[in-house]
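Breakdown of the fold
Listed below, chain by chain, are the residues.
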Amino acid sequence: MLKTERPSTQHSQLDLYSVEELVDVLVDDQALAAQAVKAASSSISAAVTAMASRIAAGGRLVYVGAGTSGRLGILDSVELPPTFSWPPERAMSLLAGGLGAMFQAVEGAEDDRNKGAADLRLLYPNFNDVILLLAASGTTPYVLGALQAARTVGALTIGIANNPGTPLMVGADIGICLDTGAEVISGSTRLKAGTAQKIALNTLSSALMVRLNKVYGNLMVDLQATNAKLIERAVRLTVHATGADAEAARQALEQCQYQVKVAIIMLKKSQTAADAQALLDHHTGNLRAALK
């Protein structure tokens, strides 16, 4: 039996616990998710290194999953454009049962291996693409079908599962095993298995974006300032990076459509928006190199 499917031996009387005891048990068990991700840090590091070269060469991130795992993949993909100005067409998601399954479970969709392969082929994957395959069990047919299709074209496959030695872990180019064990509520992998996957995805995509020069120091300098809150964030980031006052930062940002990297160059090197943009482009978006 898969570890994630085994009944927990620790809380067989869970339904008899007081509310306070129940909350403490659930919270304490979630903390184990971070430990599982930490134990997989070497695999995660290997994945980031392998991903960076493919993505830098023009590849796409494609997330594939079913149920909770698939929804977590969608969440990670849709947050990359506003956070890092990542092109939406280069962060794509496949969810067993289609996008409608994001809001209402489509039972049985995850069992169709051929559909997983067909859905991925419709995206015309290529060598530089990175396919992130998510399945708590490590055995989900839909995900394994996509894995097979990805490997056929030589795309980089990253498997993320919560059970060691499973087909996804064995078949992917790099397997990231988040060994979270049995759930407090037996088999409910939306609990710490899902939490561990969320942490792993945050880590993978954030580390990748840092490697791709989307971060300066620890500042999120490639955000899209699309609302009042984010405009103010852009001002604060520019002030922090340059030492300029808020008014000077705001004026620079207004001249470059609120591109924080460009505004930083304008202020630190006394350049126009056009010249700062050209300098940044010359250094392929690497702000640190442009400033030097």
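Residues numbered from 1 in each chain as written. Predicted model: local features only at pLDDT ≥ 70, side-chain atom pairs only at ≥ 80, totals over all residues. Heavy atoms only, no water.

Our focus in this paragraph is the pattern of salt bridges. Counting across every chain of the model gives nine salt bridges. Across the pair Lys3 and Asp179 runs a salt bridge whose closest N-O atoms are separated by 2.8 Å. Of this pair, Lys3 sits in the segment before α1 (19-39) while Asp179 sits in the loop between β5 (174-177) and α7 (192-211); the two residues are 176 residues apart in sequence, bridging distant segments of the chain. Close ionic contact of Glu232 with Arg250 constitutes a salt bridge, the shortest N to O distance being 3.0 Å. Of this pair, Glu232 sits in helix α8 (residues 228-242) while Arg250 sits in helix α9 (residues 246-255), and the two are 18 residues apart along the sequence. Judged by its relative accessible area of 23%, Arg250 falls in the partly exposed class. Connected through shared salt-bridge partners, Asp29, Glu183 and Lys192 make up one network. (Salt bridge = Lys/Arg side-chain N within 4 Å of Asp/Glu carboxyl O. Helix = DSSP H or I, 4+ residues; strand = E, 2+ residues; numbered from the N terminus. Buried < 20%, exposed > 50% of the residue type's maximum accessible area, 1.4 Å probe, protein only.)

Remark: the empty space left among the atoms is shown by a probe the size of a water molecule rolled over them. In this structure, the largest pocket spans a volume of roughly 410 Å³. What lines the largest pocket is a set of 24 residues, among which Ala66, Gly67, Thr68, Glu110 and Thr189 lie closest to the centre. Among the elements that line the lining of the largest pocket, the one with the most residues is helix α3 (residues 67-84), at four residues. Considered class by class, the residues forming the lining of the largest pocket number nine nonpolar, 10 polar and five charged. Estimates place the volume of the second largest pocket at around 310 Å³. Taken together, 23 residues make up the lining of the second largest pocket; nearest its centre are Ser85, Lys214, Asp222, Lys261 and Gly285. Elements that contribute at least two residues to the lining of the second largest pocket include exactly α10 (260-269) and α11 (273-282). For the lining of the second largest pocket, a count of residues per class yields 10 nonpolar, eight polar and five charged. Counting residues domain by domain, the lining of the second largest pocket receives three or more from each of domain 1 (3-212) and domain 2 (215-291). (1 Å grid on protein atoms, 1.4 Å probe; cavity = no way out; pocket = protein on both sides within 12 Å on 5 of 7 lines; lining within 4 Å. Points joined across faces, edges and corners; volume = space filled by probe spheres on them. Nonpolar A, V, L, I, M, F, W, Y, C, P; charged D, E, K, R; others polar. Domains from an automatic or database assignment.)

If you walk through the whole model with that rule in mind, you get zero aromatic pairs. It is Arg54 that lies over the ring of Phe127; its NZ or CZ is 3.9 Å from the centre. (Phe/Tyr/Trp six-rings, centres within 6.5 Å; stacked < 30°, edge-to-face > 60°. Lys NZ or Arg CZ within 6 Å of the ring centre and 35° of its normal.)

Glancing now at the UniProt feature "active site" (unreviewed entry) in the protein chain. Using the residue numbers shown here, the UniProt feature "active site" (unreviewed entry) corresponds to Glu79 and Glu110. In three dimensions, the annotated residues from a span of 32 residues occupy distinct locations, with a maximal C-alpha spread of 24.3 Å. Lining of the largest pocket among the annotated residues: Glu110. The class of Glu79 is partly exposed, set by a relative accessible area of 37%. Along the chain, Glu110 turns up in the loop between β2 (91-95) and α4 (113-121). Excluding its chain neighbours within four sequence positions, the residues that come into contact with Glu110 are Ala66, Ala96, Thr140, Pro141 and Tyr142. (UniProt positions renumbered as here; feature names shortened; annotations may be inferred. Contact = heavy atoms within 4.5 Å.)

One finds Met51, Leu61, Ile158, Ile176 and Leu204 to be the most contacted residues of the largest nonpolar core, which totals 32 residues. For this core, the elements supplying multiple residues, two or more each, are α1, α2 (41-56), β1 (61-65), α3, β3 (130-134), β4 (156-161), β5 and α7. Once residues lying within four places of it in the same chain are set aside, the contact partners of Met51 are Leu61, Val130, Leu132, Leu156, Ile158, Leu204 and Leu208. Core analysis: the second largest hydrophobic core is formed by 27 residues, Leu223, Cys256, Val262 and Ile264 among them. (Core = buried A, V, L, I, M, F, W, Y, C linked by side-chain atoms within 4.5 Å.)

A regular strand carries its side chains on alternate faces of the sheet. Most of β4 is tucked away, with six of its six residues classed as buried. The alternating pattern of β4 places Leu156, Ile158 and Ile160 and Thr157, Gly159 and Ala161 on opposite faces, both of which are buried. The pairing of β3 with β4 spans five bridges and is classified as parallel. By the bridge assignment for β4, Ile131 is matched with Thr157. A crossover connection joins β3 to the parallel β4 through helix α5 (residues 141-152); in handedness this β-α-β unit is right-handed. (Pairing = 2+ DSSP bridges. Right-handed = clockwise from strand over helix to strand, strands pointing away.)

It is worth spelling out the side chain of Thr180 at this point. Tracing the backbone through its elements, the reader meets Thr180 in the loop between β5 and α7. Residue class for Thr180 comes out buried when judged on its relative accessible area of 7%.

Quick look at the sheet that holds β1 now. Adjacent strands of a sheet form backbone hydrogen bonds with each other and so pair up, either parallel or antiparallel. Strand order in this open sheet of five strands is β2-β1-β3-β4-β5, and the pairing throughout is parallel. Of all strands in the sheet, those bounded by a partner on one side alone are β2 and β5. In this sheet, adjacent strand axes meet at a mean angle of 15 degrees when their direction is disregarded. Together, β1, β2 and β3 form the strand contacts of α3, whose direction differs from that of β2 by roughly 160 degrees. (Axes fitted to C-alpha atoms, helices over the stretch in contact; angles between N-to-C directions.)

The next thing to look at is the environment of Gln257. Summarising the element assignment, Gln257 is placed in the loop between α9 and α10. Residues Gln257 and Thr9 lie 248 residues apart in sequence; the distance between their C-alpha atoms is 57 Å.

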